[in-house]
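Chain by chain, the residues run as shown.
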Amino acid sequence: MEGLSRFASPRAAPEQAEGEAWPQVVGRARALADALPDLLVEARQVAMTVNAGWHGRRRAGAGENFWQFRPFVAGEPVKRIDWRRSARDDHLYVREREWEAAHTVWLWADLSSSMAFRSHLSQTTKRDRALVLLLALADLLAETGERVGLPGLRRPVSDRHAAERIASALAHVRDPVSLPDAHEIRRFSDVVLIGDLLDPLEDTLAWMHTVAATGARAHVVMLLDPIEETFPFTGRTEFHDPESGFRLTSGKAEDWRAAYTARLDAHRETLRDVARKAGWTFLVHHTDRPAAEPMLVLHSRLSGHLMQDGKGDGA
């Protein structure tokens, strides 16, 4: 079955395919650029679905916007009392402003060849779903004033048009990679990684350990086509690795199902366990499900982390 996730193909001494021809690279980049306008519209629709529940980081702190009045607590500096409000009651009140320290959030979607896969069980490719989630997050984060960036492609800035700027940067990517460069990631920042995470396990774990060592927090989304979970193949089936070009033919694919699912489960649980130990979040999403589902989870987890961080990152 051509186009099946590379994880389905055993990696026992696979032959390396010759380098991809430049016209193919350019063609893939043009296809991505052509798809981005429609994906941006879809991302906006997804963002609007969860926007009603997105309240940003409303908490007390340094800022210009009024947040709330609260009762004065003995021991606080008297200069903090709002005398006008206190004159209307028998109690003393303090005027609190909303905390406005901008936070840095790095976003990354795997756009490598394997992400272009779509089976008959889904109506979208893994690549397009990853981009919709990334752009929708950029749109939501921009609304709350966060600094949003793409590691190695676009420095983090607070910009109400962040989704459009990110889409423009992605449209010029010629050689997409699965995992971003981590050298710009710093402590107190958040990283959102969206991809199938089906690269060799040691490569992904090395990246996770590198990011964890910076003190940054990450939210990892493992995005799979439903056929990559169910492995419904029977009879003579050819599997194709879109990354290397390696092909493998099975005479009775159903005989591989148990070993395949066990390997996928072990792969996923290893990633989940490393994320948990680092204090990160880990989410599995299948492309036959609505994009709003992982967005709601990401919204809850990411906004929760931003609410807890009262310092900003100083980047």
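Going by the structure above, here's the rest.
Residues numbered from 1 in each chain as written. Predicted model: local features only at pLDDT ≥ 70, side-chain atom pairs only at ≥ 80, totals over all residues. Heavy atoms only, no water.

A. Fine view of the pattern of salt bridges. Under the counting rule described, the total for this entry stands at 14 salt bridges. For D190, the salt bridge goes to R217, with nearest N and O atoms at 3.0 Å. With D190 in strand β6 (residues 190-195) and R217 in strand β7 (residues 217-224), this pair connects stretches of sequence that are 27 residues apart. The two residues D190 and R217 agree in class, both being buried. Members of the salt-bridge network, linked through shared partners, are K126, D196 and E228. (Salt bridge = Lys/Arg side-chain N within 4 Å of Asp/Glu carboxyl O. Helix = DSSP H or I, 4+ residues; strand = E, 2+ residues; numbered from the N terminus. Buried < 20%, exposed > 50% of the residue type's maximum accessible area, 1.4 Å probe, protein only.)

B. Just the packing of aromatic side chains, in detail. As enumerated under the stated definition, the model contains five aromatic pairs in all. Ring centres of F231 and F233 lie 5.1 Å apart, and the angle between their planes is 90°; on these two criteria the pair is classed as edge-to-face. As far as the burial class goes, F231 and F233 line up, both buried. Linked through ring pairs, F231, F233, F239, W256 and Y260 together constitute an aromatic cluster. (Phe/Tyr/Trp six-rings, centres within 6.5 Å; stacked < 30°, edge-to-face > 60°.)

C. The arrangement of the sheet that holds strand β3 (residues 104-109) in detail. Strand order across the open sheet formed by six strands is β5-β4-β3-β6-β7-β10, with mixed pairing between neighbours. Every interior strand has two partners, whereas the edge strands, β5 (154-157) and β10 (281-286), have only one. Mean inter-strand twist for the sheet, computed between neighbouring axes without regard to direction, equals 15°. Where strand β4 (residues 147-150) meets β5, two bridges bridge the pair, whose relative direction is antiparallel. The partner of V148 across the bridge, within β5, is V157. Here helix α3 (residues 126-143) sits on the sheet in contact with β3, β4, β6, β7 and β10, set at roughly 165° to β3. Its contacts with the sheet place helix α7 (residues 257-277) against β7 and β10, and it is angled at close to 145° to β10. (Pairing = 2+ DSSP bridges. Axes fitted to C-alpha atoms, helices over the stretch in contact; angles between N-to-C directions. Contact = heavy atoms within 4.5 Å.)

D. Layout of the packing of helix α5 (residues 201-214) against α7. At a minimum axis separation of 11 Å, α5 and α7 run at an interaxial angle of 10°. Relative to α7, the element α5 lies roughly parallel. Residue-level inspection shows L201, T204, L205, M208 and H209 of α5 in contact with α7, the latter providing H267, T270, L271, V274 and A275. Class assignment of the residues belonging to the contact of α5 with α7 gives a composition of six nonpolar, four polar and no charged. (Parallel < 35°, antiparallel > 145°, perpendicular 65-115°, else oblique. Nonpolar A, V, L, I, M, F, W, Y, C, P; charged D, E, K, R; others polar.)

E. Region of the structure containing the side chain of T124. With respect to the helices and strands, T124 occurs in the loop between β3 and α3. If sequence neighbours within four positions are ignored, T124 has contacts with R118, R129 and T287.

F. Summary view of the nonpolar core. In terms of nonpolar packing, the biggest core is built from 37 residues, with L107, L134, I166, L170 and I194 touching the most fellow members. Taken together, the elements giving at least two residues each to this core come down to α1 (22-51), β3, α3, β4, α4 (162-171), β6, β7 and α8 (292-308). (Core = buried A, V, L, I, M, F, W, Y, C linked by side-chain atoms within 4.5 Å.)

G. Quick look at the side chain of T237. Mapped onto the elements of the fold, T237 is located in strand β8 (residues 237-240). Assessed through its relative accessible area of 9%, T237 is described here as buried. Here the side chain of T237 touches T234 through a polar contact of 3.4 Å, landing on its backbone oxygen. (Polar contact = N/O pair within 3.5 Å; in protein donor to acceptor, adjacent residues only side chain to side chain.)

H. Examining the packing of α3 against α4 more closely. With their axes 8 Å apart at the nearest point, α3 and α4 run at an angle of 145° to one another. Side by side, α3 and α4 meet where L131, L134, L135, A138, D139 and A142 of the first sit next to A162, A163, I166, A167 and L170 of the second.

I. Examining the pairing of β8 more closely. Summarising the sheet, β8 and strand β9 (residues 247-250) pair through four bridges and their orientation is antiparallel. What sits directly across from H240, in β9, is R247. In textbook terms, the turn of a hairpin is the stretch between consecutive antiparallel strands, and for β8 and β9 this stretch comprises six residues, one of which, G245, has a positive phi near 85°.

J. Broad picture of a nonpolar patch on the surface. Together, V78, W83 and L92 make up a nonpolar patch on the protein surface, roughly 310 Å² of accessible area in all. Position of V78 among the secondary structure elements: in the loop between β1 (66-71) and α2 (83-86). (Patch = residues over 30% accessible without salt bridge, like charges linked within 9 Å, V, L, I, M, F, W, Y side chains within 5 Å. Areas by Shrake-Rupley, 256 points an atom, 1.4 Å probe, with all protein chains shown as cover.)

K. Quick look at α7. For α7, spanning 21 residues, the distance from its first C-alpha to its last is 30 Å, which sits close to the expected 30 Å at 1.5 Å a residue. By the burial criterion, the buried members of α7 are Y260, L264, H267, R268, L271, V274 and A275. When α7 is viewed along its axis, its buried side chains cluster within an angular range of 125° and face the same direction. Within α7, the exposed residues directed more than 90 degrees away from the buried face are A258, A259, R276 and K277. Where α7 is buried, its residues meet α5, β7, α6 (226-230) and β10. A positive phi of about 80° marks G279, the residue just after α7. (Expected span 1.5 Å × (residues − 1). Arc of directions from axis to C-beta.)

L. Molecular detail of unusual backbone geometry. Positive phi values are uncommon outside glycine, yet L197 reaches one of about 55°. Counting through the fold element by element, L197 comes out in the loop between β6 and α5. When its relative accessible area of 5% is taken as the criterion, L197 is described as buried.

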